[in-house]
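Notes for the structure review
Chain by chain, the residues run as shown.
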Amino acid sequence: MLGRELQSAERVKIKLSGIDPQTLVSFEMGNPDIDLICTYGKITLQCRQGVSDYSIGLILKTISTIDNSATHETEISCDFDDIQNYQRMGYTLVSYGRHDGRYRVTFNVPFSSEKAVYSLTVSFFDELQNGKILKKDFYWSGKDHNIIQLFNELKNIDGWEIKEIKNKES
C-alpha cells in the first residue's frame, strides 16, 4: 500500500514538472549555448563554441551519476598502436578495420568509468574548439524521474532552463 502511495506521489510530482508520465516524447533543457534533449533511450548534447570544458564535464558527470550505464559510441581514425591508448583512457573497443593506411576504430565509452568520462570531456572540448557546434548522442535507460533529476542537478548552470517539453498526444 505504501509503495503504491509513493508511486502516486512521484507521478504527481513529475506531472507538476510538465511531464505527463509515460507520454514523454522529449524534454529539452539548457541555456543559450547548450541544448540537452532527453528521450527515454537517448540524450543529445549540442554545444556552441565558447562553452567551457567545465560545463561539458559537469553535464557528462551528472549523466553518469544519474545513469552510470549510459554510453557514447565514437569512431576514431588512428594508427594501430594508438588503439591501446584509447583503451587505457577507459574506452571499450567495439571494432576496427584498416582504412586508407590507418585504422577506423569504433569505441564504446562507458559512463561507469570516471576516466572515460574525463577523456570524453577533453575530446569534446577539443572538438568544439575546432568547430562551431558540437553534437553528440548518448544512450541511457532514463525514465521520467531520471529526466527530472537530470534537470534538477543541472539547473544551477548559468541560464539553465526548460526549453521545451513534448508529450504524446492523448
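The structure we're discussing is the one just above.
Let me begin by describing the structure that accompanies this report. (Residues numbered from 1 in each chain as written. Predicted model: local features only at pLDDT ≥ 70, side-chain atom pairs only at ≥ 80, totals over all residues. Heavy atoms only, no water.)

**What about the nonpolar core?**
In plain terms, the rule: Residues belong to a common nonpolar core when they are buried Ala, Val, Leu, Ile, Met, Phe, Trp, Tyr or Cys residues joined through side-chain atoms within 4.5 Å. A simple rule labels every residue: compare its accessible area, found with a 1.4 Å probe on the protein chains alone, to the largest value its type can have, and call it buried under 20%, exposed over 50%, or partly exposed in between. Between two residues, a contact is recorded if the distance between any of their heavy atoms is within 4.5 Å.
Counting 40 residues, the largest nonpolar core has Met29, Leu36, Ile59, Phe138, Leu150 and Trp160 as its most contacted members. Beyond its immediate sequence surroundings of up to four residues, Met29 is in contact with Ile34, Asp35, Leu36, Cys38, Ile147, Leu150, Phe151, Trp160, Glu161, Ile162 and Lys163.

**Thoughts on unusual backbone geometry**
Test applied: Segments assigned H or I by DSSP are reported as helices when at least four residues long, segments assigned E as strands when at least two residues long, and all are numbered from the N terminus.
Unlike most non-glycine residues, Asp100 shows phi in positive territory, near 50°. The residue Asp100 is located in the loop between strand 5 (92-99) and strand 6 (102-110) in this model.

**Digging into the packing of aromatic side chains**
Note the cut-off: Each Phe, Tyr or Trp ring (for Trp, its six-membered ring) is paired with any other whose centre lies within 6.5 Å, and the angle between the two planes then decides the class: stacked below 30 degrees, edge-to-face above 60, tilted in between. Note on criteria: charge over ring means Lys NZ or Arg CZ within 6 Å of the ring centre, with the direction from the centre no more than 35 degrees off the ring normal.
Tallied over the full model, the rule gives nine aromatic pairs. Three or more aromatic residues joined by ring pairs form one cluster here, namely Phe80, Tyr96 and Tyr103. Above the face of the Tyr40 ring, Lys143 is positioned so that its terminal group lies 5.7 Å from the ring centre.

**Considerations on the pairing of strand 6**
Note the threshold: The criterion for strand pairing is that DSSP finds at least two bridges linking the strands in question.
Pairing of strand 4 (residues 71-78) with strand 6, which is carried by eight bridges, proceeds in the antiparallel orientation. When the bridges of strand 6 are listed, Thr74 appears paired with Phe107. One ladder, built from seven bridges, connects strand 5 with strand 6; its direction is antiparallel. Counterpart to Gly97 in the pairing with strand 6 is Arg104. Hairpin connection, strand 5 to strand 6: the antiparallel pair is bridged by two residues, and Asp100 has positive phi, about 50°.

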